[in-house]
Every structure is written in C-alpha cells, then in structure tokens.
Amino acid sequence: MSAVTAGSVAAQPGATTAPPIRYRPAALSLDAGWGAPTGWGLTYSHMLGQQFDWTLGGGLAISGAKLGVGVRYYVAPERRVSPWFGTALVRSGGMSDLEVDSDADADDDFDWFNTPDASRTYSIRANWQLHARSGLRWQPGRVGFLGALGYGFCLSDDPFRFPDAMPRADRRLARVLGPGGVEVSMSIVVGLGR
C-alpha cells in the first residue's frame, strides 16, 4: 500500500520545482577592461525570462564614445556561478589626433615639450563592431561580478586613417589598441529591484 502511495505522489505535477534564479529583474554594472563593448562605462541589463537578459550600455575607449546593445544567455542562473554566452552590437564614435610611438627612446618619455610627430598621429573613424562574448557570472547576493572573454569584429570599412609616413610598427601597435580584437573585461554587477 505504501508503494502505491509513494508512486502516486511522485506522479503528481508540481511535486518538484526548479530552484529560483539568483538574478534580480534588472542590474546596473560598472564595466572595465581590454576590448569591452562599452570600454570603461556602465551597462543596464534586464532579464527576459529565466536565462536571458538584454543589455544597453555606454562608455569611453580609445576609439571614442561607445554605445551598445546586447543579449546574454546564462547556463545555470540558479547557481552562484554561472557560465554565460552573448553578443553585442556596438557603435564607436571615433577619435582624431591620436599619437603612437612604438620605438620611443627612454629619454623621450619624460620630455613633455616635444611637439607631436605628424608621421605618428592618426585617427579612428566612427565604426560598428559585433562582439562575440562568453564568461562567468558570480552572484552571491545583490552585488556580483561578471568576467568576459571575447572578440570584436569591425563591421565597417577599415576605421584607421594613418599618414603615409607612419612606421609599420606604429601602425601595428595602433591596431592592437584600437576598436575590435580580443576582449578581456570585468564588471561589478549590482542587482536592482526585488
């Protein structure tokens, strides 16, 4: 008789429920890092169901002011640490009169009165980027951390404008520092709402 009772209890719908997610309905994060979609900036995120959120953020980087939107998918939002995957579409405003010098002498580093060398001054035009990202989110309470690794693809024509006389080593360094490329970033996430 007890076996029949146990079987009927197990068959009842709703006998087991999934643990609740740890994330608040919305969050505000402070972002920083190399190649981050918002550069050094702020991002607002809002949950779409149990495992997705959408993001809207802005900040500053060497490629100018940045504004982006994105989505993230959390593998295990009920746990303190969850892997996630996402993408972001970003618009960079561009910058002009940037200077790079990959082979500066040690004495030149402290000479504030040198005039910029025109052959080492370049600009970055406004451009679009698509970021593919992944990482971990640790959310022990209202405040948590989100780490990201990824890559940004420039969707616009080559945004760099170099003078003809600019050395090749300086061009390579400028491209490493500019928009697109590898992302290694970290965010402090503060949950909003209940």
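Conventions adopted
Residues numbered from 1 in each chain as written. Predicted model: local features only at pLDDT ≥ 70, side-chain atom pairs only at ≥ 80, totals over all residues. Heavy atoms only, no water. Pairing = 2+ DSSP bridges. Helix = DSSP H or I, 4+ residues; strand = E, 2+ residues; numbered from the N terminus. Axes fitted to C-alpha atoms, helices over the stretch in contact; angles between N-to-C directions. Contact = heavy atoms within 4.5 Å. Polar contact = N/O pair within 3.5 Å; in protein donor to acceptor, adjacent residues only side chain to side chain. Core = buried A, V, L, I, M, F, W, Y, C linked by side-chain atoms within 4.5 Å. Buried < 20%, exposed > 50% of the residue type's maximum accessible area, 1.4 Å probe, protein only. 1 Å grid on protein atoms, 1.4 Å probe; cavity = no way out; pocket = protein on both sides within 12 Å on 5 of 7 lines; lining within 4 Å. Points joined across faces, edges and corners; volume = space filled by probe spheres on them. Nonpolar A, V, L, I, M, F, W, Y, C, P; charged D, E, K, R; others polar.

Quick word on the sheet that holds strand β1 (residues 26-34)
If you trace the eight strands once around the closed barrel, you get β1-β2-β3-β4-β5-β8-β9-β11, paired in antiparallel fashion. Adjacent strand axes in the sheet meet at a mean angle of 25 degrees, parallel and antiparallel pairs treated alike. By the bridge criterion, ten bridges tie strand β3 (residues 52-61) to strand β4 (residues 64-74) in an arrangement that is antiparallel. Residue Leu56 lies in a different strand from β4, and its bridge partner there is Val69.

As for the environment of Thr38
For Thr38, the position within the fold is in the loop between β1 and β2 (40-48). In the structure, Thr38 is positioned 29 residues away from Leu67 in sequence and 6.4 Å away in space, judged by C-alpha atoms. Contacts of Thr38, omitting those with residues within four sequence positions, involve Asp31, Thr43, Gly57, Gly58, Gly59, Leu60 and Lys66. Of the polar contacts made by the side chain of Thr38, one reaches the side chain of Asp31; its length is 3.0 Å.

Re the nonpolar core
Among the nonpolar cores identified, the biggest contains eight residues, and these are Tyr23, Ala27, Met47, Tyr74, Trp84, Leu146, Ala148 and Val189. Not counting the four nearest positions on each side in its chain, Met47 is found in contact with Ile21, Tyr23, Arg24, Pro25, Phe52, Asp53 and Tyr74. Listed in part, the seven residues of the second largest apolar core include Leu98, Phe160, Phe162 and Ala174.

Notes on the pairing of β2
Only one face of β2 is covered, namely the one carrying Gly41, Thr43, Ser45 and Met47; the face carrying Trp40, Leu42, Tyr44, His46 and Leu48 has none of its residues buried. Where β1 lies against β2, six bridges are found, and the strand directions are antiparallel. Note that in β2 the partner of Ser29 across the bridge is Thr43. In sequence, β1 turns back onto β2 through a hairpin of five residues, with Gly35 there showing a positive phi of about 75 degrees.

A word on empty space enclosed by the protein
For the structure on display, the rule yields two cavities of 30 Å³ or more. By volume, the largest cavity is sized at about 190 Å³. Of all the secondary structure elements, the ones that give two or more residues to the lining of the largest cavity are β1, β2, β3, β4 and β11 (181-192). If one sorts the elements of the lining of the largest cavity by residue count, β4 sits on top with four residues. Grouping the constituent residues of the lining of the largest cavity by class yields seven nonpolar, ten polar and three charged. Counted as a void, the second largest cavity has a volume near 30 Å³. As for the second largest cavity, its lining consists of Arg24, Pro25, Ala26, Ala27, Ser45, His46, Met47, Asp53 and Arg137. Broken down by secondary-structure element, the contributors of at least two residues to the lining of the second largest cavity are β1 and β2. Of all the elements, β2 adds the most residues to the lining of the second largest cavity, at three residues.

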